[in-house]
Each structure stands twice: as structure tokens, then as C-alpha cells.
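Spelled out, the chains give:
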Amino acid sequence: MRIWISISRSIALLLLLGTMPAGMLSAADAAASGFGKIAIPKPPKPADAEHCVEPVAVMRRDHMKFLTHQRDATVIDGERNAKYSLVGCIDCHNPASASGEIIRYENPQHFCAECHAYASVKIDCFECHADRGLERQRQSKSDAAAWDRAGAGLSVTTLRRRLEAAE
Amino acid sequence: MKSEPQLHPPQPSRRDFLKGAAAVATTLVAPGILLYKTGQAATGLNRQARWGLLIDTNALSEADVDACVTACQREHGWRVQDGSETDAQWVRKVTLEDRASGHRSFLPMMCQHCESPPCVDVCPTGASFKRADGIVLVNKHTCIGCRYCMMACPYKARSFIHENLKDQLAVAPRGKGTVESCTLCVHRIDRDGANAVPACAEAVNRGDSKAILFGDLNDPQSEISRRLRQLGGTRIRADLGLNPGVRYQGL
């Protein structure tokens, strides 16, 4: 009996020792070494936008409900340029950078991918939908008509912002 | 007992309330600055309309019809991959030859946006549907890729996407495993209403001569209705009684 107690004590001690280095490491080291807590993603806010269409807490919790509702309203009832449009999300949160670099959904830095990886959520939006604001970047300011076409469903402020960025 | 999932956001804290109050004050100081969008004038769905096309084949050369196809490709981002039968084909060039006279006419052939579309009848999920304004579409969110609609369509207007795609355009989401066809440039119609010009029409219309005329078949005052009343228009496979919204002249 006593032997068993001592064995179990030594096992407990070993376990304790085994967990200690993890506890002593910093959170970043733990994430880098593949165990422990993963840092909560903090995707950057769009530089030139004042605020999102809803408070951040609401968007975190309910953006998928807004988008699912909006997709039917758009496809069936032609409601475009809506408050909760997916094009609007992408246009604001994932424009091509000033250098013209395009961040795709496969890239962990993509605005959507960052949190979905953290929450272990798999979506298939971007198997069909554009995951970047690419075609608006291609247009030159002189081609106003083409610009207008490519910007169908975009807000005027966003278009103006793109025009300024293209200059 | 498990609690219900929380649908509403958490109550704003005192700090959030104060921040909100500050935002309101800012709005008063500089109205318009905080608007997140000013909004383009979008006309949306017109439930009274029935959109259609009137295609004058006498005014269309072979190059014009090719231009239609190219314009559609550019607008929606589909392109012919290798010329095989499984390629995407929203609009195709059809050549008619009168053997007696040798006269050849060329016409763009796309979804005819039938009043009684057989593709809608056969769809098991309701993904193939007719909008209130008569445009026949595929709701790709519910399409399971069974391709019954492709079998049912007498105009061979639909195609199936076999490959993984990249670089789709924002106005035309399309992806593997779904069926697609001409949308009558629905994104333009939702924006411009009766003044919309589909991409194919834009490619061939010059000034007042409108080889492809878009308009509302329900409105007796619209140009398309007037021209149909005056000169008539052919429904392709009229014997099927589907009453397509795309009419042809000069056939």
C-alpha cells in the first residue's frame, strides 16, 4: 500500500515537473512551440474607416447571421449595396495593399481567415466569392465608366477611397 | 437546463455608453462625417417589370456576336477553357444558314428567361428560380450540382463548373459544383432599373442603333414593347410554349 502511495506521489511529481516549463514559458513562446494557449487574433482595422456596420461585439457574434440573411435578400430580391453585403466586408477589410499585394483567404493574414483559423471554422464563401478587392484596383481613374461598373454594389465613399488610392 | 444561445449583444457597459454619447456629439458637430456609407441610388427589384431582350439579327455581324460573347466573359469572368463541351458558356454564337440563298445570320444565344422555365420545374432544391421581375437565375447557395436543369433547358443555356476557380469577380460569384447561365446582367439591372444596359448590348449598340435592346416587356410604353408591337419578334422554339423573354428579329 505504502509503495503504491509513493509511486503515485512520484508520478504526480513528475507530472508537475512536466507541466512546469510550459507554465514558465511566455504565451508567445508557447504558441510558437505548438502547445499552450494560442494568441487571440487581432486583425488590423481598416485604416480609413471610422467604424464597422455594427459594434465589434455584435459583429463577432452575429456576422454570419447577417451574411446568411443578406445573401438570400440579394439573390432573390436583388437587394444590393446593402449594409451587410459580403462585398462590403471584403472591400473594407481586405483591399489590396498600396504595393498591390493581394491577400487571399488561403493566407493566414486574410481578415476572415485569421479568426476562422483560431475558432476552427471552415467556410466555403470564397470558393465562389471574391476574397479580395482586386478588380477595382485594375481600373484607372480615366476609365470612369468601367470603374462604375466594377464598383456595382459598392458604396460611394469606398469608391472614392479607391480612386484616391489609385492615384 | 441549458441556457438559450445568446442572440443579443451583451448590454453596453458604462464606458461604451459614454463612448456612444461622444459619437452622437460628434455627429452633431459634423453631420455626415460618421456616415459609414452614403449609398448609391440602387433601384433594386422591380416586381411589376418583366425584363427582356430584343435582338435584331439583321443588325448583327459575326464580329458583333463575337463581341457579345467577349463582353459577357469580361463582365462575369468566365472564359472558354479548352473548347470542350463542358466549358462554361453563358452566351454562344449560333450561325444559321439558309441553304437556298446562302444567307447566313448570326445570333447570340443565351438563357431565354422563360415565363414558364423548365429548369425551375425540375430543380429538386429550388435553386433554379425565377425572380419576381422574370429573370431566371441559379441560387448557387442552394444548388447541389445535379444538372437536371441543364437537361431540361431546350436552349442549352446552362453550363456546369467542373474545376476549382480563382479570381472570380465581385459581381459574379461562381464556383465548382454549381450550374450557371446568363443572368441578364442582374447586378446592372438592380442598380439601374429600366435604364440598365446588359454587357452584351453595351458591346454592340452604337448610338441610337440598338441591335440588342433591353427593356420591360410588361410596360406598353417601353421601347422594347413598342418595337415588338411594330415589327414583331420571334420566340425561339415558340412551339414549346415557354414564352421566353428574349425575342429575335430577322430570323
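Only a predicted model underlies this, so the values are computations on that prediction, with no experimental measurement involved.

1. Structural notes on the confidence of the model for chain B
Point 1. Chain-level pLDDT for chain B is 86 on average; 83% of the residues reach the 70-or-more range.
Point 2. This stretch, residues 1–7 of chain B, has a pLDDT under 50; its non-local contacts, to residues over four places away or in other chains, come to three contacts.

2. Here's the deal with the pattern of salt bridges
Point 1. For the coordinates displayed, the defined rule picks out 20 salt bridges over all chains.
Point 2. Between A:Asp72 and A:Arg71 there is a salt bridge; the shortest N-O distance is 3.6 Å.
Point 3. In this structure A:Arg71 comes out as partly exposed when scored by relative accessible area, which is 31%.
Point 4. B:Asp133 is the partner of B:Arg131 in a salt bridge, and the nearest nitrogen-oxygen pair spans 2.6 Å.
Point 5. Exposure remark for B:Asp133: the relative accessible area of 0% places this residue in the buried category.
Point 6. One salt-bridge network, held together by shared partners, links A:Arg80, B:Arg131, B:Asp133 and B:Asp190.

3. Some points on the pairing of strand β9 (residues 246–249) of chain B
All names here are of chain B.
Point 1. With burial as the criterion, each face of β9 is covered, one bearing Val246 and Tyr248 and the other bearing Arg247 and Gln249.
Point 2. Where strand β1 (residues 51–56) and β9 come together, four bridges link them in parallel fashion. In the strand pairing of β9, Ile55 is matched with Tyr248.

4. Brief notes about the side chain of A:Gln70
Residue and element names in this part refer to chain A.
Point 1. With respect to the helices, strands and loops of the structure, Gln70 is situated in helix α3 (residues 56–77).
Point 2. Among the residues examined, Gln70 registers a relative accessible area of 6% and is labelled buried.
Point 3. Of the polar contacts made by the side chain of Gln70, one reaches the backbone oxygen of Glu79; its length is 3.3 Å.
Point 4. Residues contacting Gln70, with those up to four places away along its chain left out, are Glu79, Ala82, Tyr84 and Ser85.

5. Some points on helix α5 (residues 111–119) of chain A
Because each turn of an α-helix spans 3.6 residues, side chains separated by three or four positions end up pointing in the same direction.
Residues and elements named next belong to chain A.
Point 1. All of the buried residues in α5 are Cys112, Ala113 and His116. The buried side chains of α5 occupy one side of the element, clustering within an arc of 90 degrees when seen end-on.
Point 2. As for α5, its buried residues are in contact with α3 and α4 (86–93).
Point 3. Within two residues after α5, Ser120 carries a phi angle of roughly 55 degrees, on the positive side.

The rules behind each value
- Residues numbered from 1 in each chain as written.
- Chains lettered and ligands numbered in written order.
- Predicted model: local features only at pLDDT ≥ 70, side-chain atom pairs only at ≥ 80, totals over all residues.
- Heavy atoms only, no water.
- pLDDT = per-residue confidence, 0-100.
- Contact = heavy atoms within 4.5 Å.
- Salt bridge = Lys/Arg side-chain N within 4 Å of Asp/Glu carboxyl O.
- Buried < 20%, exposed > 50% of the residue type's maximum accessible area, 1.4 Å probe, protein only.
- Helix = DSSP H or I, 4+ residues; strand = E, 2+ residues; numbered from the N terminus.
- Pairing = 2+ DSSP bridges.
- Polar contact = N/O pair within 3.5 Å; in protein donor to acceptor, adjacent residues only side chain to side chain.
- Arc of directions from axis to C-beta.

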